[in-house]
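Residue-level structural notes
In case you want the letters, here they are:
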Amino acid sequence: MASWSEFATDEPRLADAIRLLLQQYGPGFGYLATVRADGGPRVHPVSPVITDEGLFCFVIDSPKRRDLERDGRYALHSFPPEESDDEAYVAGHARPVTDQARVARLAECFRAEPRADWRLFEFTVDVAMLARRDHVGPEAPGAGQGGPAVQVWLDPQARDSPVGQPSAPGPRVGRRRAAHRAAA
């Protein structure tokens, strides 16, 4: 499981583009998908925080927090931009941040309400995806004939390990798995 920082070091342009979509309206804004106790999906609007340290979210006492505490799997999708149908997606595992100095530093920096019952989670990145669509109107010649340009990054340690089992620690090399392709 790669941290956001490790992903951003490996694929800085992709990480920057995803960050821009998640922060297009100022503070982060996206949709968080979690796994309910019965195994079904649950989707919530959230304000993710992206720093040089990682990808985080302050989560108040709620069904989404209980989902993350029980089963840390998540998917985060950007809010659609007004001028295009571009989209960004990251997925991995959420884990509570237990380092109180780190919690205090991020809470102060991002003005987390001190009286609210929130918990800080860090989101690791197993997969990251960016889809860019043509920015042309329907009246333009050839409009609608091509699909989006999709770039995908996979953390090989997450991909190569058996489902539900963490991979053995080791050096993170050869993580460049980004691919550009036009979807049909």
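Residues numbered from 1 in each chain as written. Predicted model: local features only at pLDDT ≥ 70, side-chain atom pairs only at ≥ 80, totals over all residues. Heavy atoms only, no water.

What follows concerns the environment of A131. Here A131 is to be found in strand 8 (residues 127–132). Judged by its relative accessible area of 2%, A131 is buried. Distance in space between the C-alpha atoms of A131 and P148 is 5.9 Å, their sequence separation being 17 residues. Once residues within four sequence positions are removed from consideration, A131 is found in contact with D86, E87, P148, A149 and V150. (Helix = DSSP H or I, 4+ residues; strand = E, 2+ residues; numbered from the N terminus. Buried < 20%, exposed > 50% of the residue type's maximum accessible area, 1.4 Å probe, protein only. Contact = heavy atoms within 4.5 Å.)

With that settled, the discussion passes to the packing of aromatic side chains. Counted under the stated rule, the structure contains eight aromatic pairs. Geometrically, the ring pair formed by Y74 and F123 is stacked, given 4.4 Å between the ring centres and 20 degrees between the ring planes. On the criterion of sequence distance, the pair formed by Y74 in strand 5 (residues 73–78) and F123 in strand 7 (residues 118–123) is long-range, its members being 49 residues apart. The burial state of Y74 is the same as that of F123; both residues are buried. An aromatic cluster is present here, built from Y25, F29, Y31 and F79 joined pairwise through their rings. (Phe/Tyr/Trp six-rings, centres within 6.5 Å; stacked < 30°, edge-to-face > 60°.)

Its volume calculated, the second largest pocket comes out at about 340 Å³. S47, V49, F58, F110 and R111 are the residues nearest the centre of the second largest pocket, which is lined by 16 residues in total. Listed by contribution, the elements that provide at least two residues to the lining of the second largest pocket are strand 3 (49–50) and strand 4 (55–60). For the lining of the second largest pocket, the per-class residue count stands at 11 nonpolar, three polar and two charged. (1 Å grid on protein atoms, 1.4 Å probe; cavity = no way out; pocket = protein on both sides within 12 Å on 5 of 7 lines; lining within 4 Å. Points joined across faces, edges and corners; volume = space filled by probe spheres on them. Nonpolar A, V, L, I, M, F, W, Y, C, P; charged D, E, K, R; others polar.)

Another aspect to go through is the pairing of strand 8. The side chains of a regular strand alternate, residue by residue, between the two faces of the sheet. Most of strand 8 is tucked away, with five of its six residues classed as buried. Relative to strand 8, strand 6 (residues 87–96) is paired through five bridges, and the arrangement is antiparallel. Across the sheet, residue Y89 finds its bridge partner in strand 8, namely M129. Of the pairings in the sheet, the one linking strand 8 to strand 9 (residues 149–154) comprises six bridges and is antiparallel in character. Paired with L130 across the two strands is Q151, which belongs to strand 9. (Pairing = 2+ DSSP bridges.)

This part covers helix 2 (residues 12–22). For helix 2, the set of buried residues is L14, A15, A17, I18, L21 and L22. Within helix 2, the buried residues cover an arc of 160 degrees as seen down the axis, which keeps them to one side. Summarising the geometry of helix 2, the exposed residues directed more than 90 degrees from the buried face are R13 and L20. Check the buried side of helix 2 and you find it contacts helix 1 (4–10), strand 3, strand 5, strand 6, strand 8 and strand 9. (Arc of directions from axis to C-beta.)

So, on to the confidence of the model for the protein. Chain-level pLDDT for the protein is 83 on average; 78% of the residues reach the 70-or-more range. For the stretch residues 136–143, pLDDT sits under 50, and the model shows three contacts to residues farther than four places along the chain or on other chains. When the criterion is pLDDT under 50, residues 162–184 qualifies, and its contacts beyond four places in sequence or with other chains add up to 43 contacts. (pLDDT = per-residue confidence, 0-100.)

Moving on to the side chain of D67. Relative to the elements of secondary structure, D67 occurs in helix 3 (residues 63–70). Apart from residues no more than four positions distant in its own chain, D67 is found in contact with T34, V35, R36, A37, R42, H44 and G72.

Turning our attention to the nonpolar core. By size, the foremost hydrophobic cluster in this structure holds 27 residues, and its most contacted members are W4, F7, I18, Y74 and F123. Elements with a minimum of two residues in this core: helix 1, helix 2, strand 4, strand 5, strand 6, strand 7 and strand 8. For this core, the element with the highest residue contribution is helix 2, accounting for six residues. Beyond its immediate sequence surroundings of up to four residues, F123 is in contact with W4, L32, L55, C57, L68, Y74, H93 and A94. Listed in part, the nine residues of the second largest apolar core include F56, L106, A107 and W118. (Core = buried A, V, L, I, M, F, W, Y, C linked by side-chain atoms within 4.5 Å.)

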